[in-house]
Each structure stands twice: as structure tokens, then as C-alpha cells.
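Chain residues, written in single-letter form:
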Amino acid sequence: AQSVTQPDIHITVSEGASLELRCNYSYGATPYLFWYVQSPGQGLQLLLKYFSGDTLVQGIKGFEAEFKRSQSSFNLRKPSVHWSDAAEYFCAVAPRGDYKLSFGAGTTVTVRA
Amino acid sequence: DAGVTQSPTHLIKTRGQQVTLRCSPISGHKSVSWYQQVLGQGPQFIFQYYEKEERGRGNFPDRFSARQFPNYSSELNVNALLLGDSALYLCASSHESSGNTIYFGEGSWLTVV
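Keep in mind that what you see is a predicted model, and the values were worked out from it rather than measured.

S.K.: Let's hear about the environment of Gln41 of chain B: which residues, and what values?
M.R.: Within the secondary structure, Gln41 of chain B is located in the loop between strand S4 (31–37) and strand S5 (44–50). You can call Gln41 of chain B partly exposed: its relative accessible area is 41%. Placed 46 residues apart in sequence, Gln41 of chain B and Ala87 of chain B show a C-alpha to C-alpha distance of 10.0 Å. Non-local contacts of Gln41 of chain B, meaning those with residues more than four positions away in its chain, are made with Phe90 and Ala105 of chain A.

Structure, rendered in C-alpha cells:
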């Protein structure tokens, strides 16, 4: 069965520290991969996506993600976190050529001063 | 260009009632999808429409229906509302020119009492 796993429910990080959010997927073939961020009471904003090519993907707000086929992972990173990065982060996958997204359960990021 | 717009933003309904949620995709986007996000969970796929035809349906009961209009806007209808239908309903649009990039609206908050 296809699935997306975000192992960390909640992460607390100090402002200025680095952040890494984990995402693992189970799919028959390499899907399209996405990271979205959701601020409280808001919709989803696309941070970055991976379709093919370079496995290190740059996104908005200083985020990047690395696709590792051997580990079926697509982890999100940011070198230095800002207080405004406090939000819910969702990893999502879609079959190639399809628009149906499957989401992980999300990781809540808290940033402490 | 305007993003994906949804209406209403918030609404309260009583069990057994019916609700209609509306979505206008980004200009030029022909694909519209609907997702349900229950509090504390990731979004779940409900429907996808492309050029007014249903292209996919998630694991939701027949009380949920949708349609897409010639101008590519869409409506999601839910009949015989249950308390468990209380959620954030997200609309997303996409276009071939953007690959499988899927853009979300701010959502419609539905509370069933």
C-alpha cells in the first residue's frame, strides 16, 4: 500500500538553529514529492517539489530537501530557523502524471527564542 | 494573478443539513481537487476534476459530491452532514504547464453541530 510517514509529530528548535524534518514514502515507483507548510488557520503553501533530476531541491524561505531513492526519503532542511518558521509541515507524494496527493500526518515545528 | 479562492471561509451547519463549498482555481488551471483536513491530521483527497470530468475519487461516502463548471470553478457538496464532517475543506488547482505543482486555497472551515 502507498503511504507517507513523517516520524516526528512535534519538533522544538531554537531560533537560529538548524532544522531537519523527516519524510519516508512507500510507493511502487518514485512519485512526485512535495513539502507544504501550513500556518495556524491557514491553507497550504508549497515550499518545494521534486519531480526528477538533481536530488537536492531548493525551495522558498531558505528551505531545501534531499531525495534519497535508496532510503525512500525526502527530508526537509533549513540551516537557520526563524521564529516565523513555526508552523505545521506536511510531506506529500503524488503518482507520476497524477494530481492526487497523499499527505503525511504532519510535523509541528515550535521555535523558541 | 489571484490564487485559488474559496468561499465561504467559515460556516456552521447542523447535523443532517447540506452544505455547498465553492472554489475558483488559478486563472488558466483546468484541474481542481478537493481535500478534507480534520483537525490534527494531514489532508485527505476527496475528488479531482479535470475539464469538467471526474478524474479521481477518494475513500469518501456518496454523501460527498462535486462538479466543475465550464469556467473551471468547482463546487463540493456534502449531504446529510455528520459531526465527523467538521473539518477544513481545501481546494487545489493545477495546470500542465506547472507540471504536477498543486496550489491550495485558504480553505473553508466547516463546523457541524
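Back to the write-up after that little detour.
S.K.: Can you explain the nonpolar core? Please cite residues and give values.
M.R.: Core analysis: the largest hydrophobic core is formed by 27 residues, its most contacted members being Trp35, Leu48, Leu76 and Tyr89 of chain A. Secondary-structure elements contributing two or more residues to this core are strand S2 (10–14), strand S3 (19–21), strand S5 (32–38), strand S6 (45–50), strand S8 (64–68), strand S9 (73–78), strand S10 (87–94) and strand S12 (107–112) of chain A. Apart from residues no more than four positions distant in its own chain, Tyr89 of chain A is found in contact with Gln6, Leu21, Trp35, Tyr36, Val37, Leu47, Phe63, Leu76, Gly106, Thr107 and Val109 of chain A. One finds Cys23, Leu76, Val78 and Val112 of chain B within the second-largest nonpolar core, a separate group that totals 22 residues.

S.K.: Can you break down the packing of aromatic side chains residue by residue, with the values?
M.R.: Evaluated as defined, the whole model comprises 16 aromatic pairs over all chains. With centroids separated by 6.2 Å and ring planes inclined at 85 degrees, the aromatic side chains of Phe90 of chain A and Phe103 of chain A adopt a geometry described as edge-to-face. Of this pair, Phe90 of chain A sits in strand S10 while Phe103 of chain A sits in strand S11 (residues 102–103), placing them 13 residues apart in sequence. Given a relative accessible area of 1%, Phe90 of chain A falls into the buried group. One aromatic cluster is present, formed by Tyr32, Phe34, Tyr36, Phe51, Phe90 and Phe103 of chain A together with Tyr35, Phe45 and Phe104 of chain B through successive ring pairs.

Conventions adopted
- Residues numbered from 1 in each chain as written.
- Chains lettered and ligands numbered in written order.
- Predicted model: local features only at pLDDT ≥ 70, side-chain atom pairs only at ≥ 80, totals over all residues.
- Heavy atoms only, no water.
- Helix = DSSP H or I, 4+ residues; strand = E, 2+ residues; numbered from the N terminus.
- Buried < 20%, exposed > 50% of the residue type's maximum accessible area, 1.4 Å probe, protein only.
- Contact = heavy atoms within 4.5 Å.
- Core = buried A, V, L, I, M, F, W, Y, C linked by side-chain atoms within 4.5 Å.
- Phe/Tyr/Trp six-rings, centres within 6.5 Å; stacked < 30°, edge-to-face > 60°.

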